[in-house]
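Residue strings, one per chain:
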Amino acid sequence: MGIVKISDLMHENLRVAGNALSRSINAQAEHWMRVGMLTEMHPDLDYREVCQLLVQAELAGGLDIVTAATAQAGKPRPSPAAKR
């Protein structure tokens, strides 16, 4: 575990969001980092799908970058027109 330096504004954003969602500042920061990591690794997924990956990762013992990188490999995606 280590220390991450962030701006005062980001700290305030974390405080506000954490209070609104009943999370500590650290828990809110970790949530945003996990969502951001998965979004960068899987830019084709929407927020709902990213949350599903987080739940699946938790059920499998926690989010690990190797598992996250391969979680959607080979899974066919519906076309954008199919979502309408």
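What counts, and at which threshold
- Residues numbered from 1 in each chain as written.
- Predicted model: local features only at pLDDT ≥ 70, side-chain atom pairs only at ≥ 80, totals over all residues.
- Heavy atoms only, no water.
- Core = buried A, V, L, I, M, F, W, Y, C linked by side-chain atoms within 4.5 Å.
- Buried < 20%, exposed > 50% of the residue type's maximum accessible area, 1.4 Å probe, protein only.
- Helix = DSSP H or I, 4+ residues; strand = E, 2+ residues; numbered from the N terminus.
- Salt bridge = Lys/Arg side-chain N within 4 Å of Asp/Glu carboxyl O.
- 1 Å grid on protein atoms, 1.4 Å probe; cavity = no way out; pocket = protein on both sides within 12 Å on 5 of 7 lines; lining within 4 Å.
- Points joined across faces, edges and corners; volume = space filled by probe spheres on them.
- Patch = residues over 30% accessible without salt bridge, like charges linked within 9 Å, V, L, I, M, F, W, Y side chains within 5 Å.
- Areas by Shrake-Rupley, 256 points an atom, 1.4 Å probe, with all protein chains shown as cover.
- Axes fitted to C-alpha atoms, helices over the stretch in contact; angles between N-to-C directions.
- Parallel < 35°, antiparallel > 145°, perpendicular 65-115°, else oblique.
- Contact = heavy atoms within 4.5 Å.
- Nonpolar A, V, L, I, M, F, W, Y, C, P; charged D, E, K, R; others polar.
- Expected span 1.5 Å × (residues − 1).
- Arc of directions from axis to C-beta.

Asks: Mind showing me how you'd approach the nonpolar core here?
Replies: Soluble globular proteins tend to pack their nonpolar side chains together in the buried interior. In terms of nonpolar packing, the biggest core is built from 7 residues, these being Val35, Leu38, Leu45, Val50, Leu53, Leu54 and Ala68. Elements with a contribution of two residues or more to this core: helix 2 (25–41) and helix 3 (47–59). Examining the composition of this core, we find that 3 residues originate from one element, helix 3, more than from any other.

Asks: Can you help me understand the pattern of salt bridges in this one?
Replies: Oppositely charged side chains are able to pair whenever their charged atoms sit close together. Following the criterion strictly, the structure yields 1 salt bridge and no others. A salt bridge links Glu12 to Arg15; the nearest nitrogen and oxygen atoms lie 2.5 Å apart. Note that Glu12 and Arg15 are positioned in helix 1 (residues 8–20) at a spacing of 3 residues, about one turn of the helix. For Glu12, a relative accessible area of 33% gives the class partly exposed. According to the relative accessible area criterion, Arg15 is partly exposed, its value standing at 32%.

Asks: I'm lost on the layout of surface pockets in this one. Help?
Replies: Rolling a probe over the atoms, with the probe sized like a water molecule, indicates the empty space that remains. One number sums up the size of the largest pocket: a volume of about 410 Å³. Lining the largest pocket are 14 residues, with Val4, Ile6, Asn26, Ala29 and Met33 positioned closest to its centre. Counting residues per element, the ones that place at least two in the lining of the largest pocket are helix 1 and helix 2. With 6 residues, helix 2 is the single largest residue contributor to the lining of the largest pocket.

Asks: Before we go on, may I ask you to explain a nonpolar patch on the surface in this structure?
Replies: A surface patch of nonpolar side chains, amounting to about 380 Å² of accessible area, comprises Val4, Ile6, Met10 and Trp32. Along the chain, Ile6 turns up in the segment before helix 1. Residue Ile6 is classed as partly exposed on the basis of its relative accessible area of 42%.

Asks: What is the right way to read the packing of helix 1 against helix 2 from this model?
Replies: For any two helices packed against each other, one specifies the crossing angle of their axes together with the interaxial distance. Here helix 1 crosses helix 2 at 100°, and the two axes come no closer than 8 Å. The orientation of helix 1 relative to helix 2 falls into the category roughly perpendicular. Here helix 1 contributes Met10, His11, Asn13, Leu14, Arg15, Ala17 and Gly18 to the contact with helix 2, which in turn contributes Ile25, Gln28, Ala29 and Trp32. Its residues placed into classes, the contact of helix 1 with helix 2 shows 6 nonpolar, 4 polar and 1 charged.

Asks: Could you clarify how one ought to interpret helix 1 in this entry?
Replies: Each full turn of the α-helix corresponds to 3.6 residues, which orients residues three or four apart in the same direction. Taking 1.5 Å of rise per residue, the 13 residues of helix 1 would be expected to cover 18 Å, and the 18 Å separating its terminal C-alpha atoms lies within 8% of that figure. Residues of helix 1 that are buried include every one of Leu14, Ala17 and Gly18, and no others. Along the long axis of helix 1, the arc covered by the buried residues comes to 100°, so they all point the same way. Away from its buried face, by an angle of more than 90 degrees, helix 1 presents the exposed residues Asp8, Leu9, Asn19 and Ala20. Residues of helix 1 that are buried make contact with helix 2. In the stretch just after helix 1, Ser22 is the one whose phi turns positive, near 55°.

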